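# An overview of the molecular structure
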Amino acid sequence: MMSLHAAIQSISPSVTVVTQPNEDKELAWVDEQIRAILPARVGIPEGFINSLHDPMKMKKPTPIVKPGSNLLAPPKLGSSMGILTQPKVIEEPLRLLAIMNKSVLISGKWYKIGESVRNFTLAEIKSNSVLLAGKKDQKLILFLTKQNNNIKIITK
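Read on for an overview of the structure. Just so you know, these numbers come straight off a predicted model, no measurement behind them.

## Let's talk about the overall build of the protein
- Of regular secondary structure, the protein possesses four helices and seven strands.
- For the protein, the α and β elements follow one another from N to C terminus as α-α-α-α-β-β-β-β-β-β-β.
- Counting only residues that meet the buried cut, the protein has 11% of its 156 residues in that class.
- Across the protein, the fraction of contacts at a sequence separation of at least 24, relative to all contacts at a separation of at least 6, is 29%.

## A word on the nonpolar core
- Within the largest apolar cluster, 11 residues are counted, these being L94, L96, V104, I106, Y111, V117, F120, L122, V130, L132 and L142.
- Elements that contribute at least two residues to this core include exactly β2 (103-106), β5 (120-125) and β6 (129-133).

## Some details on unusual backbone geometry
- With phi around 50°, S107 is a residue other than glycine that occupies positive phi space.
- Mapping S107 onto the fold places it in the loop between β2 and β3 (109-112).
- Look at S107 and you get partly exposed, because its relative accessible area is 34%.
- If you check the backbone angles, K136 has positive phi at about 60° while not being a glycine.
- Inspection of the secondary structure puts K136 in the loop between β6 and β7 (139-143).

## Re the pairing of β6
- Pairing analysis gives four bridges linking β5 to β6, with the strands arranged antiparallel. Its bridge partner being in β6, E124 is matched across the sheet by L131.
- The hairpin turn running from β5 into β6, its antiparallel successor, is three residues long.
- In this sheet, β7 lies alongside β6 in antiparallel orientation, the contact comprising five bridges. If you follow A133 over to β7, its bridge partner there is K139.

Cut-offs applied
Residues numbered from 1 in each chain as written. Predicted model: local features only at pLDDT ≥ 70, side-chain atom pairs only at ≥ 80, totals over all residues. Heavy atoms only, no water. Helix = DSSP H or I, 4+ residues; strand = E, 2+ residues; numbered from the N terminus. Buried < 20%, exposed > 50% of the residue type's maximum accessible area, 1.4 Å probe, protein only. Contact = heavy atoms within 4.5 Å. Core = buried A, V, L, I, M, F, W, Y, C linked by side-chain atoms within 4.5 Å. Pairing = 2+ DSSP bridges.

Now the structure itself:
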């Protein structure tokens, strides 16, 4: 078996190895570790690395609209079409949340009789509902929904 000094010299002649006497058993595990890493390691050829797919490159998006469909494709970012058209705003439905004295809580905002609620006017407040009047005799009635029986109001 080749000595550690000879093995290191054969791999790298410029390395100088200081050897300890054979009686030094405390560093025997260091010699064993060095012997384990001495064989030359084989890496991956550069041609193989260059043939790998780059994970950071973006793929071209596939068209959402199928050919022959009547739907319009979404506008591309930065196109002038997106600037001209306004996005359609979908409003949350009106919800009557609370009635207190002459005020009502509709969709998180307090209103009194005669105030505007979107395209309606608050016309009437009853014990468990409200009447909203709109243009052209449109009427909308909102009812309270029972949500929580555990609410208690204590006054002093």
